[in-house]
Amino acid sequence: ADLNRTVTKSSTISRAELEQHTEAWDCWAKVDADVYDFTPWILSHPGGARLMTSRCGTDVTNIWNHFHAAVGSLPGERRVGLWNPEESIDTTTLSPCNHEVAKEGKGGPVWKD
């Protein structure tokens, strides 16, 4: 990833650029029409860092809407730009059912890997 690139909240993020941010220390993901920096939540996510990191660089809209809709919108300061509407990502492999939910925890589902 080009860590020196200046990203503004009005930047248009391409699929190629999104797919460069796939590490725990540099994790971007698409939710609806926006791209967010999820890096600060990697270690604190109830599902664990491995689950979060496996979704870096992808479209997590379906997962977000399924498990996190009650949270509301993502913080604007974590938004890195707008998704390029001319590009698409196959989300069929990103079903929220890829992991077995063990029980509902206080903050939502608790994952069993």
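One can find the structure itself at the top, above this paragraph.
Criteria and thresholds
Residues numbered from 1 in each chain as written. Predicted model: local features only at pLDDT ≥ 70, side-chain atom pairs only at ≥ 80, totals over all residues. Heavy atoms only, no water. Buried < 20%, exposed > 50% of the residue type's maximum accessible area, 1.4 Å probe, protein only. Helix = DSSP H or I, 4+ residues; strand = E, 2+ residues; numbered from the N terminus. Pairing = 2+ DSSP bridges. Contact = heavy atoms within 4.5 Å. Phe/Tyr/Trp six-rings, centres within 6.5 Å; stacked < 30°, edge-to-face > 60°.

1. Let's talk about the pairing of strand β3 (residues 26-31)
Of all the six residues making up β3, six are buried; the element is thus mostly covered by neighbouring parts of the structure. By the alternation rule, side chains of β3 split into Asp 26, Trp 28 and Lys 30 and Cys 27, Ala 29 and Val 31, which are all buried. Between strand β2 (residues 22-23) and β3, which follow one another and run antiparallel, lie two residues. Sheet analysis places β3 next to strand β4 (residues 34-37), joined by four bridges and oriented antiparallel. Residue pairing for β4: Trp 28 is matched across the bridge by Asp 37. Connecting β3 to the next strand, β4, in antiparallel fashion are two residues, including Asp 32 with a positive phi near 55 degrees.

2. Details of the sheet that holds β2
Taking strand neighbours across the sheet as the criterion, the five strands line up as β1-β5-β4-β3-β2 in an open arrangement whose pairing is mixed. Taken across any chain shown, the strands that pair with only one partner, and hence form the sheet edges, are β1 (12-13) and β2. Where β2 lies against β3, two bridges are found, and the strand directions are antiparallel. Residue pairing in the sheet places Thr 22 in a bridge with Cys 27 of β3.

3. Brief notes about unusual backbone geometry
Residues other than glycine seldom take positive phi values, yet Asp 32 does so here, at roughly 55 degrees. Looking at the element boundaries, Asp 32 is found in the loop between β3 and β4.

4. Things to note about the environment of Cys 27
Relative to the helices and strands, Cys 27 resides in strand β3. You can call Cys 27 buried: its relative accessible area is 2%. Dropping the residues within four chain positions of it, Cys 27 is found in contact with His 21, Tyr 36, Asp 37, Phe 38, Thr 39, Ile 42, Met 52 and Cys 56.

5. Quick look at the packing of aromatic side chains
Enumeration over the complete set of coordinates arrives at two aromatic pairs. With 6.4 Å between their ring centres and 75 degrees between their planes, Tyr 36 and Phe 38 make a pair best called edge-to-face. Under the relative-accessibility criterion, Tyr 36 is labelled buried at 8%. For the ring pair Phe 38 and Trp 41, a centre distance of 5.5 Å and an interplane angle of 65 degrees mean the geometry is edge-to-face.

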